[in-house]
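Fold and contact review
So the chains spell out like this:
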Amino acid sequence: AAIAAELIESELFGHVKGAYTGAQQSREGLYYYARGGTLFLDEIGDMPLSLQAKLLRFLQERVVERVGGRTRIPVDVRVVCATSKHLPEEISRGGFREDLYHRINVLTIGVPPLRTRPEDIVPLAAYYTRVFNREFAKQVTGLSAEAERALLRYPWPGNVRELENVLERAILLQTGTVVEAGDLPPEILGAAPAAAA
């Protein structure tokens, strides 16, 4: 989803020299580099319909044709997809191909939203504290009890990514060794109790 629509095909499947303006040399795509391993496609529900057809063809035939090329390159790769969209609903609205959905829906792992699993909030906060301590060369030992209670009250509409961003900001700006409630964004401090959210 983060790649411009006109570049996605080249990023995934590669291109040959001269395939389009600016293609000064041939380039292999991400499928090629993931051969023998796993390729993770995040937010597949946002993939343009035109590329969905090419992805379906790849998944069925396990071959890649680079943009502007005619050679069929066999690729052995496992594909894992993620989306925050409800794909059957997207299919009914015409935003996602039903045949691609059936091809990728071999094994579904549903991850419940963070607000329904509050027992994960404090351990995740501790994990991100360690990550950002290393990244920013900080010595934060943890969160105060009041900061933990604030995290537990908040409904986390942005799920784990939002929690990660909150901890990144708190650790980056931290001058002490403990994240206090006052170090958290105002929307988290003003949250209603989770049971009422």
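Keep in mind the model is a prediction, meaning the values are calculated, not measured. (Residues numbered from 1 in each chain as written. Predicted model: local features only at pLDDT ≥ 70, side-chain atom pairs only at ≥ 80, totals over all residues. Heavy atoms only, no water.)

Brief notes about helix H3 (residues 49–61)
Its 13 residues place the ends of H3 19 Å apart at the C-alpha level, agreeing with the 18 Å of an ideal helix rising 1.5 Å per residue. Every buried residue of H3 is listed here: Leu51, Gln52, Leu55, Leu56, Phe58 and Leu59. Seen from one end, H3 has its buried residues packed into an arc of 165 degrees, which puts them on one side. Downstream of H3 by one or two residues, Arg62 has phi in the positive range, about 60 degrees. (Helix = DSSP H or I, 4+ residues; strand = E, 2+ residues; numbered from the N terminus. Expected span 1.5 Å × (residues − 1). Buried < 20%, exposed > 50% of the residue type's maximum accessible area, 1.4 Å probe, protein only. Arc of directions from axis to C-beta.)

A few points about the environment of Gly142
Its location among the elements puts Gly142 in strand E7 (residues 142–143). With sequence-adjacent residues up to four places away left out, Gly142 is seen in contact with Thr177, Val178 and Val179. (Contact = heavy atoms within 4.5 Å.)

Thoughts on the packing of aromatic side chains
For any pair of aromatic rings, the description consists of the separation of the ring centres together with the inter-plane angle of the planes. A full pass over the atoms with the stated rule returns eight aromatic pairs. Taking the centre distance of 4.1 Å and the plane angle of 45 degrees together, the rings of Tyr31 and Phe58 count as tilted. Of this pair, Tyr31 sits in helix H2 (residues 30–33) while Phe58 sits in helix H3; the two residues are 27 residues apart in sequence, bridging distant segments of the chain. Both residues of the pair, Tyr31 and Phe58, belong to the buried class. Here the aromatic cluster, defined as three or more aromatic residues joined through ring pairs, consists of Tyr127, Tyr128, Phe132 and Phe136. (Phe/Tyr/Trp six-rings, centres within 6.5 Å; stacked < 30°, edge-to-face > 60°.)

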